[in-house]
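Structural overview
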Amino acid sequence: MFSFANLSIPVIQAPMAGGITTPALVSGVSNAGGLGSFGFAYSPPNVIHHDLRSAQALTRGPINANFFIFQNVLMPDLKTIKIAIEPLHELAPDIDFSIPAPPFFPDLETQLEPVWQLRPAVLTFHFGIPPDWVMQRARALSIAIGITATCIEEALRIEQAGANFIVAQGIEAGGHRGTFEVESPDDRLSTFDLLHQLVKRCTIPAVAAGGIMDGRDIRKALDLGASAVQMGTAFLCCPESGASCEYKTLLLAKNPRPSIFTKGFSGRLARGIENAFTRHMDCKSTLPFPIQNTLTGQLRQAAARSHNAEHQSLWAGSAFYKARTFKVGELMKALQIELES
Ligand SMILES: Cc1cc2nc3c(=O)[nH]c(=O)nc-3n(C[C@H](O)[C@H](O)[C@H](O)COP(=O)(O)O)c2cc1C
């Protein structure tokens, strides 16, 4: 069974859905003594199977497969759809934006089939607790389960559900904020404030996520009682990451833009680098997650094809200006040296 004590460096490379977590990145982290993670939230089973198999062929280290817990959404009415499409049309008049037919998100049961078959060491979830049958099946197969919490109430529910560890996601974190309910009140706790509360109140291991970029940050998290850290943004500029060149360029810019929260891309709050899209969508109505995500898909894909960073989602944590361009193995070595010094 997976144990943090068996990692030679207490680093989880964060799952990052959307093609960033390649088998080379994930296996590179695991081979260096950390835990490499795949972001499989939107992936079909054949891709999940392929990526897990490819990474397993490259490493004997532990691998994490990560999924979203999607909540049921109803088809919005025509007026709401029209209001949501209007600002997108202003940005891209040539695209014929249309709402997909339900189901609006992948079926978790089908997505998990390759997981049960290939048995990565760890399974993590974002946006909520998986159904009980998933927890039981994972336990029966000795797969450890971790779930994101953004507040103490969510952490206590995760512990109660029988998870093996909690990922404490602070407000500094890049990507989607993992709150269980989209509209619930949010105290926007910093990573270290949340971690502090969590280690006092929970008995299962806590993993600190958000704004952790170097060995000094890792040391601080461990001193506060974390069993490990989960770092996303720090890995984006590795050559093994699937982030686009223009995304990497903005992460490394000498005069960095701010990182901000937007609902514009997906319908849920997520932190990324400000661009023309996020400015245009500020205060605009969006459709519920993940319908908005599918709606903006064509625009984001067109932007990726034309290398236009202004219409891509550039998820990044608040400390992205500290990102480094090392190869994944070198980054892991640097983190270890910084942590030990
Ligand atoms: C590009 C990107 C994509 C992300 N996608 C996911 C995801 O698919 N699943 C998930 O649990 N977390 C995801 N996250 C959030 C990370 O798990 C983690 O909370 C975050 O990266 C920590 O903050 P940092 O980026 O400052 O290191 C993503 C983060 C980034 C930067």
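Relevant structure appears above.
Heads up: these notes are all about the structure in this document.

Quick notes on the rules
Residues numbered from 1 in each chain as written. Predicted model: local features only at pLDDT ≥ 70, side-chain atom pairs only at ≥ 80, totals over all residues. Heavy atoms only, no water. Helix = DSSP H or I, 4+ residues; strand = E, 2+ residues; numbered from the N terminus. Rg over C-alpha atoms; globule rule 2.2 N^0.38 Å. Buried < 20%, exposed > 50% of the residue type's maximum accessible area, 1.4 Å probe, protein only. Contact = heavy atoms within 4.5 Å. Lys, Arg positive; Asp, Glu negative; His and termini not counted. Charge placed at Lys NZ, Arg CZ, Asp CG, Glu CD. Pairing = 2+ DSSP bridges. Axes fitted to C-alpha atoms, helices over the stretch in contact; angles between N-to-C directions. Parallel < 35°, antiparallel > 145°, perpendicular 65-115°, else oblique. Nonpolar A, V, L, I, M, F, W, Y, C, P; charged D, E, K, R; others polar. Near = heavy atom within 4 Å. Polar contact = N/O pair within 3.5 Å; in protein donor to acceptor, adjacent residues only side chain to side chain. Areas by Shrake-Rupley, 256 points an atom, 1.4 Å probe, with all protein chains shown as cover. Salt bridge = Lys/Arg side-chain N within 4 Å of Asp/Glu carboxyl O. Right-handed = clockwise from strand over helix to strand, strands pointing away. Left-handed = near helix turned anticlockwise from the far one by under 90°.

1. Side note on the overall build of the chain
Helix and strand content of the chain: 13 helices and 11 strands. Here the chain has a C-alpha radius of gyration of 19 Å; the compact-globule value for 341 residues is 20 Å, and the two agree. For the C-alpha atoms alone, the extent of the chain along its principal axes is close to 55 × 45 × 40 Å. Looking at the chain as a whole, 56% of its 341 residues are labelled buried. Of all intrachain contacts in the chain linking residues separated by at least 6 positions in sequence, the fraction that spans at least 24 positions is 67%. In the chain, 29 side chains carry a positive charge and 30 a negative one; their mean positions are 4 Å apart.

2. Points about the sheet that holds strand β10 (residues 259-262)
Taken in spatial order, the 3 strands of this open sheet run β7-β11-β10, and their pairing is antiparallel. With partners counted over all chains shown, the strands left at the sheet margins are β7 (175-176) and β10, one partner each. In the sheet, β7 pairs with strand β11 (residues 270-273) via 2 bridges, with the strands oriented antiparallel. Following the sheet pairing, Gly 175 is matched in β11 by Arg 271.

3. Brief notes about the packing of helix α4 (residues 108-118) against helix α5 (residues 132-140)
Taken N-terminus to C-terminus, the directions of α4 and α5 make an angle of 5 degrees; their axes are 12 Å apart at the nearest point. Between α4 and α5, the crossing angle belongs to the class labelled roughly parallel. Here Leu 108, Glu 109, Leu 112 and Trp 116 of α4 lie close against α5, whose contacting residues are Trp 133, Val 134, Arg 137 and Ala 138. Looking at side-chain class alone, the contact of α4 with α5 contains 6 nonpolar, no polar and 2 charged residues.

4. Some remarks on the site of the ligand
Among the 23 residues in the neighbourhood of the ligand, the closest are listed as Asn 66, Gly 211, Gln 230, Gly 232 and Thr 233. A distance of 3.1 Å separates an oxygen atom of the ligand from a polar backbone atom of Ala 17. Thr 233 is positioned with one of its side-chain polar atoms (N or O) 2.5 Å from an oxygen atom of the ligand. In isolation the ligand has 590 Å² of accessible area, and contact with the protein removes 98% of it. Counting residues per element, the ones that place at least two in the shell around the ligand are β3 (63-68) and β9 (228-231). Classifying every residue of the shell around the ligand by side-chain character gives 11 nonpolar, 11 polar and 1 charged.

5. Observations regarding the pattern of salt bridges
Counted by the stated rule, this structure contains 6 salt bridges. Notably, a salt bridge pairs Lys 263 with Glu 183, separated by 3.5 Å at the nearest N-O pair. Of the two residues, Lys 263 sits in the loop between β10 and β11 while Glu 183 sits in the loop between β7 and α7 (191-201), which places them 80 residues apart along the sequence. Relative accessible area serves as the criterion here: at 64%, Glu 183 is assigned to the exposed category.

6. Description of the pairing of strand β6 (residues 165-169)
Among the 5 residues in β6, 5 count as buried, and that is most of the element. Burial of the side chains of β6 extends over both faces: Phe 165, Val 167 and Gln 169 are buried on one face and Ile 166 and Ala 168 on the other. This β-α-β element, strand β5 (residues 144-149) to helix α6 (residues 152-161) to β6, shows right-handed connectivity. Bridge count for β6 against strand β8 (residues 206-209) is 4 bridges, and the pairing is parallel.

7. So, the side chain of Ser 43
Mapped onto the elements, Ser 43 comes out in the loop between β2 (36-39) and α2 (45-58). The buried category is assigned to Ser 43, whose relative accessible area is 13%.

8. Focus on helix α1 (residues 23-31)
Counted residue by residue, α1 has 7 buried out of 9 residues, so it is predominantly covered. Along α1, the residues classified as buried are Pro 23, Leu 25, Val 26, Ser 27, Gly 28, Val 29 and Ser 30. Buried positions along α1 lie against β1 (11-13), β2, α2, β3 and α13 (328-340). Immediately downstream of α1, the backbone of Gly 33 shows phi near 100 degrees, a positive value.

9. Re the environment of Asn 46
Here Asn 46 lies in helix α2. It is 34 Å that separates the C-alpha atoms of Asn 46 and Leu 91, two residues lying 45 residues apart in sequence.

10. A closer look at the packing of helix α8 (residues 215-223) against α13
For any two helices packed against each other, the geometry comes down to the angle between their axes and how far apart the axes lie. Close contact between α8 and α13 brings their axes to 7 Å; oriented N to C, the two are set at 55 degrees. Classified by the interaxial angle, the pair formed by α8 and α13 is oblique. Relative to α13, the crossing made by α8 is right-handed. For the pair formed by α8 and α13, the contact residues are Gly 215, Ile 218, Arg 219 and Leu 222 on the first element and Leu 335, Glu 338 and Leu 339 on the second. When its residues are assigned to classes, the contact of α8 with α13 shows 4 nonpolar, 1 polar and 2 charged.

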